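Each chain, written out:
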Amino acid sequence: MTTGYFFSHRHILDIEHLSADDIDYILTTAESFKEISARSIKKVPTLRGNTIINLFFEPSTRTRLSFEIAAKRMSADTFNISASTSSATKGETLIDTARNISAMNPDIIILRHSFSGAPHLLSQYVDAAVINAGDGTHEHPSQGLLDMMTVREHKKRLNDLKIAIIGDILHSRVAHSDILGFLRMGSEVFVYGPGTLIPPGLKELGVTVCSTMKEAVEDADVLMTLRIQKERQNDPLLPSFREYATEYGVTAKVASWARPDALIMHPGPINRGIELMPDVADGPQSVILDQVTNGVAVRMALLYLVTGNGNK
Amino acid sequence: MPASLLIKNGRIIDPANTVDCVRDLLIVDGRIADSATALPAGASEIEEIDASGCWVVPGLIDMHVHLREPGEEYKEDILSGTRAAAAGGFTAVACMPNTKPVNDSRAVTVLILSQAEKADARVYPVAAISQNSQGSALTEFGELRANGAVALSDDGLPVRDSQLMRRALEYAADHGLLVISHSEEPSLSNGVMNEGIVSTRLGLKGIPTAAESIMVYREIALAECLGKRVHIAHVSCAMSAELIRSAKARGVRVTAETAPHYFTLTDEAVTGYNTNAKMNPPLRTEQDRQAIRQGLADGTFDAIATDHAPHSILDKEVEFDRAMNGIIGLETSLPLSLALVREGVLDEQKLIELLSVNPAHILGVEGGTLSVGARADVTVIDPDLAFTYTEEQVVSKSKNSPFLGEKLQGRAVYTIMGGRITHTLS
Ligand SMILES: [Zn+2]
């Protein structure tokens, strides 16, 4: 850790604006919290008296639960608000909602929203710290951080790794956070997927866009598979899931091209048999459940840091 | 109004008469007079303006604005919009028909013109090509022309049906009306910003430049095969500029406009989810911006128009996906365009052609000249005056500008419409 380091982020809106030192500091903090979840009494008083609101405009069981467990293990009071995005069209705008919630003086608002940039907008209208729990097709910073934590745990480093990301890069906010995070930490990122799901500009970011699965996966240290988002198929992006499974699905054979000690990762929930075959998902190299465990630790660290505790 | 107005010691830039010299300009009874011979006897009744260090040019004409009246007067109305025009140095504007109701009938055209009688700028209504701009049946071009419409456009919406566009070009020619194309292929344009690295970074759905260029080429192909003329609105990208350039070289009767934001900003302006940088067509890349500047320099573009699109804070202070498209532009067009002269892209004559002479010719309206006897629409510009554009200064009812807080240089100090001073910079 650089001496004189100061965690200066009021909000956690994206990975893009986190420096390598920030990421390192968050992960180190998360590692120190991980042990709490292994205790028989899984609770510390660190955030006692803090009010945390889970504001979810888009359904998500996993992320919401992970944040809620993280908050409760630190003794914060948590409240869940689920609102459908369409309720805003009935009159109340996101800013109205923000002002109303803000009037109740919460310390942290965790926002999940189907529109990219919604957490940025919210952060301009509330006194609370805002944590982005996934916005549109933009970013999902806590997921990116838990992915990096999982890789660091197993590989003991985050630099000089080959990270292969396979599948729907276009719609995956997880992929966007992972790409920015792993590049920032000094690793190489290779992506492969159907041309309809590869967004423009990846090369300029420093990503290698591959034309074959083999090119992406060969000698990879990490093989990250993304969820095919069935709900996004109104645009003719794919002819069929059957063909997707054949052309872009990660099978045992594909996984064998990676390094023998490569990690198999997936942000979940998995479409088994489409983007990832069950034998690979449940095989010895899979760290998918470690990702979930580390998710709680990373979120504890974020809650702790945005309330200003990191610099005491 | 005093019967006579003498603008002293200004640099007269009058491309229509290839004039560029320092001298006085005399206005008598709302018309340009010969200052050597026509000085009236009662000299005390002459109001004088000192234009030393300033340019005196034919009144600026913005051929593409949205005035929001009728229907959305909370955003802008004809009086507030023309006040903004006058403040920006414009003596005339052409207003697009996407009002509520759409200007697709005599009644709406007449209403607009009657409101404009008290306005601070001349208002030239552009009527819709199709009824309710729905793209299925033509409006009554003859009656619209007879009641004051100068051009036709379904602006805001593309004309999807190529056959309808063909018929519009043919029938408009019979009535001496210009057809203005909002060039957009709808199946490619269901995004919210330019498609590229910035849209990827922000996770926003992109619109490729092809969405515009495909339609620009359709309009060129129709104009070319029919021998009719067409005007392309708000060109944003390199590919469209190249299509227009080569069509003009072949003799196709196509004219085109671009807007100050396309030669000033890029899609980087959207960073931070700035809804004041959300517009359609969207801000493009640096390469496109350079191509637009090149197109202004080499005559590919005939006019600079603002696409002045006022929206209230309710329409902009929301998630980026939900925000309305468009920015105001009447008060920033001149300073942003003057930067092209300072940066050596254009000379002064060429700039005034783009902002006044050509829009008048394309629309077929009076203006764009300081000839003796011409209607005295005149703009006096201090090209060096530096200022910071702040929200308090905005004359338009809406404040949706990406240039708020920017340091700009050059602005209108007097705007004169038919001999009446409609704007004085205090
Ligand atoms: Zn338009």
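You'll find the structure just up there.
What counts as what
Residues numbered from 1 in each chain as written. Chains lettered and ligands numbered in written order. Predicted model: local features only at pLDDT ≥ 70, side-chain atom pairs only at ≥ 80, totals over all residues. Heavy atoms only, no water. Helix = DSSP H or I, 4+ residues; strand = E, 2+ residues; numbered from the N terminus. Rg over C-alpha atoms; globule rule 2.2 N^0.38 Å. Buried < 20%, exposed > 50% of the residue type's maximum accessible area, 1.4 Å probe, protein only. Lys, Arg positive; Asp, Glu negative; His and termini not counted. Charge placed at Lys NZ, Arg CZ, Asp CG, Glu CD. Donors = N, O, S within 2.8 Å, 3.2 Å for Na, K, Ca; no water. Salt bridge = Lys/Arg side-chain N within 4 Å of Asp/Glu carboxyl O. 1 Å grid on protein atoms, 1.4 Å probe; cavity = no way out; pocket = protein on both sides within 12 Å on 5 of 7 lines; lining within 4 Å. Points joined across faces, edges and corners; volume = space filled by probe spheres on them. Nonpolar A, V, L, I, M, F, W, Y, C, P; charged D, E, K, R; others polar. Contact = heavy atoms within 4.5 Å. Buried area = accessible area lost by both parts, 1.4 Å probe. Polar contact = N/O pair within 3.5 Å; in protein donor to acceptor, adjacent residues only side chain to side chain. Expected span 1.5 Å × (residues − 1).

Undergrad: Would you mind going over the overall build of chain A in detail, with residue names and values included?
TA: Scanning chain A from terminus to terminus reveals 12 helices and nine strands. A globule of 312 residues ought to have a C-alpha radius of gyration of about 20 Å, and chain A, at 19 Å, matches this closely. Considered along the principal axes of its C-alpha atoms, chain A spans approximately 55 × 50 × 40 Å. Looking at chain A residue by residue over its 312 residues, the buried ones come to 60%. Treating the 31 positive side-chain charges of chain A as one cloud and the 36 negative ones as another, the clouds have centres 6 Å apart.

Undergrad: An account of the coordination of the zinc ion is needed here, citing residue identities and associated values.
TA: All names here are of chain B. Donor atoms from the polypeptide that coordinate the zinc ion comprise Asp155 (OD), His182 (ND1) and His234 (NE2), at 1.8 to 2.2 Å from the metal. Motif for the zinc ion, donor spacing along one chain: D-x26-H-x51-H. Pair noted here: aspartate 155 is in the loop between β9 (151–152) and α4 (162–174) and histidine 182 is in the loop between β10 (178–181) and β11 (193–194), with a separation of 27 residues, a long-range link. Given a relative accessible area of 6%, histidine 182 falls into the buried group.

Undergrad: Describe in detail the pattern of salt bridges, supporting the description with residues and values.
TA: All names here are of chain B. Considering all chains together, one arrives at 36 salt bridges over all chains under this definition. Note that glutamate 343 and arginine 293 form a salt bridge whose closest N and O atoms lie 2.6 Å from each other. Separated by 50 residues along the polypeptide, glutamate 343 in the loop between α11 (333–342) and α12 (348–363) and arginine 293 in helix α9 (residues 286–297) bring together distant segments of the chain. Salt bridges here are not isolated pairs; linked through shared partners, they connect Arg31, Arg122, Glu366, Arg375 and Asp377.

Undergrad: How would you summarise the layout of surface pockets if you had to cite specific residues and measurements?
TA: A probe as big as a water molecule, rolled over the atoms, marks out the empty space that is left. Of the pockets and cavities examined, the second largest pocket occupies roughly 770 Å³. Of the residues in the lining of the second largest pocket, the class split is eight nonpolar, 16 polar and nine charged.

Undergrad: So what's going on with the interface of chain A and chain B? Residues and values would help.
TA: If you look at the interface, chain A gives 25 residues, while chain B gives 15 residues. Roughly 1,600 Å² is buried in total at the junction of chain A and chain B, and carbon and sulfur atoms are behind 60% of that figure. Three residues stand out in chain A for area buried against chain B, namely Phe115(A), Ser116(A) and Pro200(A), and they jointly supply 29% of the buried area on that side. At the junction of chain A with chain B, the criterion picks out one salt bridge. Between Arg201(B) and Glu16(A) there is a salt bridge, with its nearest N and O atoms 3.2 Å apart. On the surface where chain A and chain B come into contact, there are seven residue pairs in polar contact (both at pLDDT 80 or more). Elements with a minimum of two residues in the side of chain A that touches chain B: α3 (94–102), α4 (118–123) and α7 (202–205) of chain A. Per-class residue counts for the side of chain A that touches chain B are 11 nonpolar, 10 polar and four charged.

Undergrad: Report on helix α6 (residues 173–184) of chain A, specifying residues and quantitative values.
TA: Residue and element names in this part refer to chain A. Helix length check: α6 (12 residues) gives 17 Å between terminal C-alpha atoms against 16 Å at 1.5 Å per residue, within 8%. Of all 12 residues in α6, 10 are buried, a share of seventy percent or more. Within α6, burial applies to Arg173, Val174, Ala175, His176, Ser177, Asp178, Ile179, Leu180, Gly181 and Phe182. At the exit of α6 stands glycine 186, carrying a positive phi of roughly 95 degrees.

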